[in-house]
Amino acid sequence: MINILVLFMLFLSREALAQTKSEDLKTDQLKTEIIKMDSLLFDVAFNQCDAALFKKIIGDDVEFYDDRYGFNIPYGNEIKALSENYTRAENIKRKLDFCTIDKLGDFGAVQVGEHTFFTNDIPEGTGKFIHIWERKGKEWKLKRIVTYGHKPFEKNA
């Protein structure tokens, strides 16, 4: 009887391990997808001022909350600001410092992190952010943006 119980426990532990590995693979895939979207949003759309790509990534009903300005409904304004960024003499870039990504049920994912902004390759400021991403089929849309904790760049931070 003890042998059967031990075999049963071994079987259950193997099943639990297989489920854990499957969940780990899904989590890794989710993180890869969101990092790719973050890169498209900032490295391409923002840094290279690609308004068409920016429009494709940002949801039509996006909400934007900022510690400096409060609540904005920026869709049209963000596209305009991006275009103005393109025509500025300064070269403004954003670099992702780090982030965490977690699944939000069947809706999508939450990305929480920090980034640094550069003007003409000189670090100017840092900020924290929360992005809520929605998955529709195979596409991702940025639905909610919260930026906070903005401060001037500190060399030894």
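Before going into details, it helps to say that this report is about the structure given with it. Because the structure is a prediction, the values reported are computed rather than measured. (Residues numbered from 1 in each chain as written. Predicted model: local features only at pLDDT ≥ 70, side-chain atom pairs only at ≥ 80, totals over all residues. Heavy atoms only, no water.)

With respect to the side chain of Gln111
The criterion, for reference: Only DSSP runs of H or I with at least four residues qualify as helices, and only runs of E with at least two residues qualify as strands; both kinds are numbered from the N terminus onward. As used in this structure description, the phrase polar contact means that two N or O atoms lie within 3.5 Å; if the pair is within protein, one of them must be able to donate a hydrogen and the other to accept it, and residues adjacent in sequence are counted only when both atoms belong to side chains. Any two residues whose heavy atoms approach within 4.5 Å at even a single point are treated as in contact.
Here Gln111 lies in strand β4 (residues 108-119). Polar side-chain contacts of Gln111 include one of 3.1 Å to the side chain of Trp133. When neighbours within four sequence positions are excluded, Gln111 is seen to be in contact with Ile34, Asp38, Cys99, Thr100, Ile101, Phe129, Ile130, His131 and Trp133.

Comments concerning the sheet that holds strand β3 (residues 92-104)
Rules: Two strands pair if DSSP finds at least two bridges between them. For helices, the axis comes from a line fit to the C-alpha atoms of the stretch in contact; other axes are also lines fit to C-alpha atoms, and the angle between any two N-to-C directions lies between 0 and 180 degrees.
Spatially, 6 strands are ordered β2-β1-β6-β5-β4-β3 in an open sheet, and the strand pairing comes out mixed. The two strands at the open ends of the sheet, each matched to only one other strand, are β2 (70-72) and β3. Direction aside, neighbouring strands of the sheet carry axes that sit 20° apart on average. Note: β3 against β4, 12 bridges, orientation antiparallel. Looking at β4, one finds that Arg94 is bridged to Phe117.

Focus: the nonpolar core
Grouped burial of nonpolar side chains is what soluble globular proteins tend to show. Quick reminder of the rule: Throughout this description, the term nonpolar core refers to a set of buried Ala, Val, Leu, Ile, Met, Phe, Trp, Tyr and Cys residues connected via side-chain atoms within 4.5 Å. Here the term buried applies to any residue with accessible area under 20% of the maximum for its type, exposed to any over 50%, and partly exposed to those in between, with areas from a 1.4 Å probe on protein chains only.
In terms of nonpolar packing, the biggest core is built from 20 residues, with Ile34, Leu41, Trp133 and Trp140 touching the most fellow members. Considering every element that reaches this core, the biggest residue donor is helix α1 (residues 2-46), with 7 residues. Setting aside anything within four residues of it in sequence, one finds Trp133 in contact with Ile34, Met37, Asp38, Leu41, Ile57, Phe107, Gly108, Ala109, Gln111, Trp140, Lys141 and Leu142.

Focus: the packing of aromatic side chains
Operational definition: Within 6.5 Å between ring centres, the rings of Phe, Tyr and Trp (the latter by its six-membered ring) count as paired, and their orientation is classed by plane angle as stacked under 30 degrees, edge-to-face over 60, tilted in between. The criterion for a charge sitting over a ring is simple: Lys NZ or Arg CZ within 6 Å of the ring centre, and within 35 degrees of the ring normal.
Taken as a whole, this structure holds 2 aromatic pairs when the rule is applied. Pairing Phe46 with Phe117 gives two aromatic rings, centres 6.1 Å apart and planes at 75°, and the pair type is edge-to-face. Of this pair, Phe46 sits in helix α1 while Phe117 is found in strand β4, placing the two residues 71 residues apart along the sequence. Overall, the relative accessible area of 18% leaves Phe46 in the buried class. We classify Phe117 as partly exposed; its relative accessible area is 22%. Among the aromatic residues, ring-to-ring pairing joins Phe42, Phe46 and Phe117 into one connected group. Positioned above the aromatic ring of Phe42 is the side chain of Arg94, whose terminal nitrogen or guanidinium carbon lies 3.7 Å from the ring centre.

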